[in-house]
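Report on the structure
The residues making up each chain are set out below.
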Amino acid sequence: MEIAIISGKGGTGKSSISAAFATLQDEIVLADCDVDAANLYLLFNPVCDKEYTFVSGQKAKINQEKCNSCGVCIDYCRFDAILKKDHKVNILETLCDGCLLCSRICPRKAIDIVNEDKSRMYTGYFKNGRMVYGRLASGEENSGRLVNLVREKAKQIAKEAGINNIIIDGPPGIGCPVISTITGVDTVVVVTEPTLSGLHDLKRTLEITIGFKIRTFVIINKFDMNTDMTSGIEAFCNQSGIKVIGKLQFDPLIVEAMVNCQSIIDYAPDSDISKRIRNSYSKLLQFNLIDKI
Ligand code: SF4
Ligand code: SF4
């Protein structure tokens, strides 16, 4: 079973909850699909067994030895990525779309197309099983494609190792990487906070998961920060037929656990917050089981 933990925005405690769920079982595959800001490898310090290069796209590069600064390529680039300065023509990497046009029209064949290959995917072992994570290099794009690769690898490892459950820590927001994270998963858990923007983001996120017909649950993190808003979120979930499987209070232990590079379950197993998270996970498994009967 693939369980994706997502949130409408960053900073809701999604990764802490993913880490906690991952350490509730002895054998799990943990996939960190927050490829723009992967952080679970910092927490669990996995022993990596493989590193894969991810080619995220292509960029144009001028061979200055061949270029005579004629400027033809500047006129053709629709992205204004080519500039002439001090009689020298250069390509601004951040603006280049990799469309290849300049390399085709350059009369001196002075433009090479090079792969963007600084992003990586890693696989490895951590104390509760196996781990897969992607890291998109800064300035590189196509995070959705890297998310797909991480998920595919996680599924392959789970199949080969006979591991039943995959926990996915998804990216925040509702963009392309999130769609790649949740498409085809068995279950989504949306982590939200009791704020107006939290409710707004939750509604947008649920529109997608409901639209995709994915079994969805909600966890309200820091519910005690605004109990009226928490009630509002619960009422909204009830009306939408979405189960709230957990209300977690604000607890500094969560941050302490992260600072100590542990999940809250490992750091403070007997704390009330750990009990509540355990309870949420039990409900999640229970509801999944009931739905399958
Ligand atoms: S078209 Fe080719 S030769 Fe002319 S400025 Fe561009 S890279 Fe240089
Ligand atoms: S590859 Fe396309 S976007 Fe990049 S510099 Fe050449 S024409 Fe411009």
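A short note on the site of ligand 1
Within the structure, ligand 1 sits among Cys67, Asn68, Ser69, Cys70, Gly71, Val72, Cys73, Val89, Cys106, Pro107 and Ile111. Split by residue class, the shell around ligand 1 holds 8 nonpolar, 3 polar and no charged.

Section: the sheet that holds strand S12 (residues 215-221)
Strands pair in a sheet through their backbones, by hydrogen bonds, and they do so in one of two ways: parallel or antiparallel. With mixed pairing, 9 strands are arranged side by side in an open sheet as S3-S8-S9-S2-S10-S1-S11-S12-S13. With partners counted over all chains shown, the strands left at the sheet margins are strand S3 (47-54) and strand S13 (243-248), one partner each. In this sheet, adjacent strand axes meet at a mean angle of 20 degrees when their direction is disregarded. Seen against the sheet, helix H5 (residues 143-161) touches strand S1 (2-7), strand S2 (28-32), S3, strand S8 (119-126), strand S9 (129-135) and strand S10 (166-172) and runs at an angle of roughly 165 degrees to S9.

Topic: the domain arrangement of the protein
Per the domain assignment, the segments of the protein are domain 1 (2-55 + 118-292) and domain 2 (57-116). A separation of 41 Å is found between the C-alpha centroids of domain 1 and domain 2.

What to know about the pairing of strand S6 (residues 88-91)
Burial along S6 is one-sided: the residues Val89 and Ile91 are buried and none of Lys88 and Asn90 is. A loop of 2 residues connects strand S5 (residues 82-85) with S6, the two strands running antiparallel in sequence, and Asp86 in this loop sits at a positive phi of about 50 degrees.

Describing the packing of helix H7 (residues 196-211) against helix H8 (residues 227-240)
Packed helix pairs are characterised by how far apart their axes lie and by the angle those axes make with each other. One can describe the packing of H7 onto H8 by two numbers: an axis separation of 10 Å at closest approach and a directional angle of 15 degrees. Taken together, the axes of H7 and H8 lie roughly parallel to each other. Regarding H7 and H8, the two cross each other, and that crossing is right-handed. In this structure, H7 uses Leu196, Leu199, Leu202, Lys203 and Leu206 to contact H8, whose residues at the interface are Met229, Ile233, Phe236 and Cys237. Here the contact of H7 with H8 is composed, by residue class, of 8 nonpolar, no polar and 1 charged.

Observations concerning the nonpolar core
Counting residues in each nonpolar core, the largest one holds 37 residues, and the members touching the most others are Val29, Ile182, Val188, Leu202 and Val218. The element contributing the most residues to this core is H5, with 6 residues. Residues contacting Val29, with those up to four places away along its chain left out, are Arg130, Val132, Ala154, Ile157, Ala158, Ile163, Asn165, Ile166 and Ile167. One finds Ala22, Leu30, Phe44 and Ile264 within the second-largest nonpolar core, a separate group that totals 34 residues.

Structural notes on unusual backbone geometry
Phi is positive for Asp86, which is not a glycine, with a value near 50 degrees. You can see Asp86 is positioned in the loop between S5 and S6. Despite not being glycine, His87 has its phi angle at roughly 65 degrees, a positive value. Its place among the elements puts His87 in the loop between S5 and S6.

A look at the site of ligand 2
The immediate surroundings of ligand 2 are formed by Ala60, Cys77, Phe79, Ile82, Ile91, Cys96, Asp97, Gly98, Cys99, Leu100 and Cys102. Structurally, ligand 2 is housed in the largest cavity. When grouped by side-chain class, the residues that make up the shell around ligand 2 number 9 nonpolar, 1 polar and 1 charged.

What about H8?
Because an α-helix packs 3.6 residues into every turn, residues spaced three or four apart end up facing the same way. The end-to-end C-alpha separation of H8 is 20 Å, in line with the 20 Å expected for 14 residues at 1.5 Å each. If you check which residues of H8 are buried, you get Met229, Thr230, Ile233, Phe236 and Cys237. Down the axis of H8, the smallest arc covering the buried residues is 125 degrees, so these residues share one side. Projecting away from the buried face of H8 at angles above 90 degrees are the exposed residues Asp228, Asn238 and Gln239. Close packing links the buried residues of H8 with strand S11 (187-192), H7, S12 and S13.

Rules behind the numbers
- Residues numbered from 1 in each chain as written.
- Chains lettered and ligands numbered in written order.
- Predicted model: local features only at pLDDT ≥ 70, side-chain atom pairs only at ≥ 80, totals over all residues.
- Heavy atoms only, no water.
- Near = heavy atom within 4 Å.
- Nonpolar A, V, L, I, M, F, W, Y, C, P; charged D, E, K, R; others polar.
- Pairing = 2+ DSSP bridges.
- Helix = DSSP H or I, 4+ residues; strand = E, 2+ residues; numbered from the N terminus.
- Axes fitted to C-alpha atoms, helices over the stretch in contact; angles between N-to-C directions.
- Contact = heavy atoms within 4.5 Å.
- Domains from an automatic or database assignment.
- Buried < 20%, exposed > 50% of the residue type's maximum accessible area, 1.4 Å probe, protein only.
- Parallel < 35°, antiparallel > 145°, perpendicular 65-115°, else oblique.
- Left-handed = near helix turned anticlockwise from the far one by under 90°.
- Core = buried A, V, L, I, M, F, W, Y, C linked by side-chain atoms within 4.5 Å.
- 1 Å grid on protein atoms, 1.4 Å probe; cavity = no way out; pocket = protein on both sides within 12 Å on 5 of 7 lines; lining within 4 Å.
- Sits in = over half its atoms within 2 Å of the grid points.
- Expected span 1.5 Å × (residues − 1).
- Arc of directions from axis to C-beta.

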